[in-house]
Amino acid sequence: MVISCLSQDPFKSLPVIWTVPERELALRLAGYASNGQMQLITDWKQKFSRATAVVFPNYVLPMMYSTLDSGNFFVIPGSPAEAWEAKILSASLNVHELRVEKGYASEDFIIAIVGSQFFYTGSLLEHALILKAIVPLLAHFPSDDTPHSHLKVVVLSGNSPGAFNISLEAIALNLGYPKGTMEQIVIDKDESSFLGIADIVVYGSFLEEQSFPAIIIKAMGLGKLVIAPDLPIIRKYVDDGVNGYLFPKENTVLLTETLFQLISSGKLSPSARNIALIGKENAANLLVSEVIEGYASLLENVLSLPSEISSPKVIADIPKHRKVNWQWILFKDVTGLKYENSDFNGYRILDKLEEQWYRTRMDNSANSTKILDQEFSPADWVEEKLIEIENTRRRLAEEELKDRTHQPRGTWEDVYRSAKRADRAKNELHERDDRELERTGQPLCIYEPYFGEGAWPFLHNSSLYRGIGLSTKGRRPGADDIDASSRLPLLNGAYYRDALGEYGAFLAIANRIDRIHRNAWIGFQSWRLFARKESLSKKAERLLLEAIQAQKHGDTLYFWARMDKDKRNVLQHDFWSFCDTINAGNCRFAVSEALRKMYNLQHDIDPLPPMPVDGDTWSVMHSWVLPSRSFLEFVMFSRMFVDALDAQMYDEHHRSGHCILSITKDRQCYSRVLEILVNVWAYHSARHIVYVNPETGAMQEQHKLKSRRGDMWIKWFSFTTLKSMDEDLAEEYDSDNPHHRRLWPLTGEVFWQGVYERERNMRLQEKEKRKKHSREKIRRIRNRTRQKAIGKYVKPPPEGDSNTTVAVMPQ
């Protein structure tokens, strides 16, 4: 389900507005409870609680779904569903055939009495008053034994009990209704077909409701003449004698008079038909203004828009023409569909969901769980859960104590040998899958950064792509993904993981890159492009690989997400204006201050690199490809830039959550500036910039090198300059106070020439120390004091002589 996906990172913090216009699930909740399927109700409640707001189009549905209410239910009365359903049914409605199917003659004059969706004690009396007002019409219609039209009164009831129906039949007989004239029809699903055969629809409820009855909209949409009591909520939308008729609820005699005026010779009068047609036109766009203003108010209170989104207008500024009609043009693709019962479709969907739930959740203990649920109260289950938790805690403590008590002791050498043996065994058992083997033989690998399980459906599964998880939680099981936080400990903290965003994946890959990436080219693609269906097609991937293998453009930045096609750039801003737009208007200032600190420039120098407007476009959304060697150069530049950017923003952002790059509190403070930083580096370091059409694979060079002459700041972005700056930072960090907070040392390796020299000197010192120990050992051996022999050995005489050996002692 979509809600399950939205309950995972990176969508957990997104506001979710869930509209529920159907009642099918509510009807099943009681059955779940009676069948002991409490876990199924709990799962649905979790799904509903994920939504920031659950919106219903009337006040009946939230009462039916009250079991799942977690305090996020809202009602915005009105919906185009009734008008749309009536429009589809009217297009295919054959009244004659439908009447025959329902058991009525084509000449019958049918009055349908409908009521409120709520059942209350006064509804029986109100229906009796309506029936009493219709009784005088019987005298103007022939009896059943004549071939002319007959009066039929149909009472449509949906949620009334059996006693109500019996009492209503008794009232009709007492009022003098001939048998067969008044009929009650209990409807749960297909009320539209019964409304379609009626000539007049009378709303027979006097209850003061908060919203306009949906059944009146449906009846008007079917072209039926509607007569309703003069209630405030009805009088607001039904103009008496214009698009319908009203009668005072205190005087139903006027209802009788109105009916006599509308019926002529057993049929509706021409004026009544015209009023019904006007009502049909009005019903198509009824409640539009209220619904639009209701949702606008809800969005205003729910959404916290990022800085790259322009602030919406206030509700009062919504143009009037936007609040007159539903956007029926959006329904043009489904206008050819035949009418299908939406309730039936809802039941089919619920059947599939229940089947899936049973397949994944239920096991052989379902019956025993049901019995236990019936035997024990909820309080018993709470106590049982607490006991189970305490027993588990005690068992774990005993196991830990047992392990500490009986653990065999050994030397560090034994531990070291065991660890090395385990590593060798692990490497011997590692079997590389087909994708890993294919990846080693191809020139390019494209990494897809993601955060959380919710992004899994938007990741590729081919050997050309490889996922990189920004958090250890929510990694794809069985996939050859990279754990960014284990490669770069900086990403273990939520602050920089959020502030850097997908840019953290660049730093993690570049840190000791040879251990995971051995391809000549490296690329990145945001999973958001796949979600927008704008990622590289198979054809584009093939053409890109061919261009790389043929070295068609040399040292090139290939990209396929264009700034001029970005949905945030509707006004087609230039590079720096677009950056200001998505960063609360402070992009130029932030970049200038970061470069000023990075290059140690004076205040009289403008450090903002020019990004000319030449008719070409730029890269966005971290979707590009570079040679691996150039990628490392770009990361070297970006590490220093991020360090300078962090130095000016960290204190305020970390303390209050506010930064100058956002108009509200924003955890992704740096990410939008870093998103387009690769363009600045590629342009001013004299790289080719080529756009790849993600569908066709067609390539077009942007900002050609010849046209850049005089605009590029090559000295600032040359490898020699950046390498020298990188070494200076390393020496400064190595020699100065290492406890001073800086981001640069945490974003990768810290190397400079002095480190190599110091390590070489340390190795030489260790070597000299070992030689000294060896010389001292040899000297001690040579100078060791030896004890003289106490006696000397005397060779025994030949055989035949004495068998004893004589030891001669010195005199």
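- Under an unreviewed UniProt entry, the name given to the chain is Glycosyl transferase family 1 domain-containing protein, and the source organism is Acorus calamus.

1. Examining the pairing of strand β7 (residues 200–203)
And then number 1: Residues of β7 alternate between two faces, with Ile200 and Val202 on one and Val201 and Tyr203 on the opposite face, all of them buried.
And then number 2: The pairing of strand β4 (residues 109–114) with β7 spans 4 bridges and is parallel. Paired with valine 114 across the bridge in β7 is tyrosine 203.
And then number 3: Relative to strand β8 (residues 225–229), β7 is paired through 3 bridges, and the arrangement is parallel. Its bridge partner lying in β8, valine 201 is registered against valine 226.
And then number 4: At this point the chain moves from β7, through helix α10 (residues 214–221), to the parallel β8, and the crossover so formed is right-handed.

2. Considerations on the pattern of salt bridges
And then number 1: According to the stated counting rule, one finds 23 salt bridges in the structure shown.
And then number 2: Arginine 235 is the partner of aspartate 230 in a salt bridge, and the nearest nitrogen-oxygen pair spans 2.9 Å.
And then number 3: According to the relative accessible area criterion, arginine 235 is partly exposed, its value standing at 44%.
And then number 4: The partner of arginine 687 in a salt bridge is glutamate 633, with the nearest N and O atoms 2.9 Å apart. Highlighted residues: arginine 687 in the loop between α29 (677–684) and β18 (688–692) and glutamate 633 in helix α27 (residues 628–656), separated in sequence by 54 residues.
And then number 5: Among the charged side chains, a network of salt bridges with common partners joins Asp555, Glu633 and Arg687.

3. Considerations on the nonpolar core
And then number 1: Formed by 98 residues in total, the largest nonpolar core has its most connected members in Ile509, Met598, Trp624, Phe631, Phe641 and Tyr670.
And then number 2: Among residues more than four places away in sequence, those in contact with tyrosine 670 are Tyr495, Tyr496, Ala499, Leu500, Leu645, Asp646, Met649 and Tyr650.
And then number 3: Of all hydrophobic cores here, the second largest spans 35 residues; its members include Val154, Ile216, Met220 and Ala283.

4. What about helix α12 (residues 253–262)?
And then number 1: If you check which residues of α12 are buried, you get Leu255, Thr256, Thr258, Leu259 and Leu262. Each buried residue of α12 sits inside an arc of 160° when the element is viewed along its axis, so together they form one side. In α12, the exposed positions angled more than 90 degrees off the buried face are occupied by Val253 and Gln261.

5. A word on the packing of aromatic side chains
And then number 1: Counted by the stated rule, this structure contains 35 aromatic pairs.
And then number 2: Both rings, one in phenylalanine 56 and one in phenylalanine 73, keep their centres 4.9 Å apart while their planes meet at 70°; by these two values the pair is edge-to-face. On the criterion of sequence distance, the pair formed by phenylalanine 56 in strand β2 (residues 53–56) and phenylalanine 73 in strand β3 (residues 73–75) is long-range, its members being 17 residues apart.
And then number 3: Pairing phenylalanine 524 with phenylalanine 631 gives two aromatic rings, centres 5.5 Å apart and planes at 40°, and the pair type is tilted. In this pair, phenylalanine 524 sits in strand β15 (residues 521–524) while phenylalanine 631 sits in helix α27, placing the two residues 107 residues apart along the sequence. Residues phenylalanine 524 and phenylalanine 631 agree in their burial class; the two are buried.
And then number 4: Within the aromatic cluster, the residues linked to one another by ring pairs are Tyr447, Tyr503, Phe506, Phe524, Trp624, Phe631, Phe634 and Trp681.
And then number 5: The ring of phenylalanine 194 has lysine 102 sitting right over it, with the charged end atom 4.2 Å from the ring centre.
And then number 6: Looking at arginine 708, its charged tip hangs above the ring of tyrosine 683, at a distance of 4.9 Å from the centre.

6. A short note on the sheet that holds strand β9 (residues 245–247)
And then number 1: Taken in spatial order, the 6 strands make up an open sheet running β6-β5-β4-β7-β8-β9, and their pairing is parallel. Only two strands of the sheet have a single partner each, and these edge strands are β6 (182–186) and β9. Geometrically, the sheet is characterised by an average inter-axis angle of 25° between neighbouring strands, direction not taken into account.

7. As for the state of the cysteines
And then number 1: Applying the stated criterion across every chain yields a total of 2 disulfides.
And then number 2: The side chain of cysteine 579 participates in a disulfide bridge whose partner is cysteine 587; the two sulfur atoms lie 1.8 Å from each other. Judged by the sign of its S-S torsion, about 75°, the cystine formed by cysteine 579 and cysteine 587 is right-handed. The residues cysteine 579 and cysteine 587 share a single accessibility class, namely buried.
And then number 3: Once the bonded cysteines of the chain are numbered in order along the sequence, the disulfide links fall as 1-2, 3-4.

Parameters at a glance
- Residues numbered from 1 in each chain as written.
- Predicted model: local features only at pLDDT ≥ 70, side-chain atom pairs only at ≥ 80, totals over all residues.
- Heavy atoms only, no water.
- Buried < 20%, exposed > 50% of the residue type's maximum accessible area, 1.4 Å probe, protein only.
- Helix = DSSP H or I, 4+ residues; strand = E, 2+ residues; numbered from the N terminus.
- Pairing = 2+ DSSP bridges.
- Right-handed = clockwise from strand over helix to strand, strands pointing away.
- Salt bridge = Lys/Arg side-chain N within 4 Å of Asp/Glu carboxyl O.
- Core = buried A, V, L, I, M, F, W, Y, C linked by side-chain atoms within 4.5 Å.
- Contact = heavy atoms within 4.5 Å.
- Arc of directions from axis to C-beta.
- Phe/Tyr/Trp six-rings, centres within 6.5 Å; stacked < 30°, edge-to-face > 60°.
- Lys NZ or Arg CZ within 6 Å of the ring centre and 35° of its normal.
- Axes fitted to C-alpha atoms, helices over the stretch in contact; angles between N-to-C directions.
- Disulfide = S-S within 2.5 Å.

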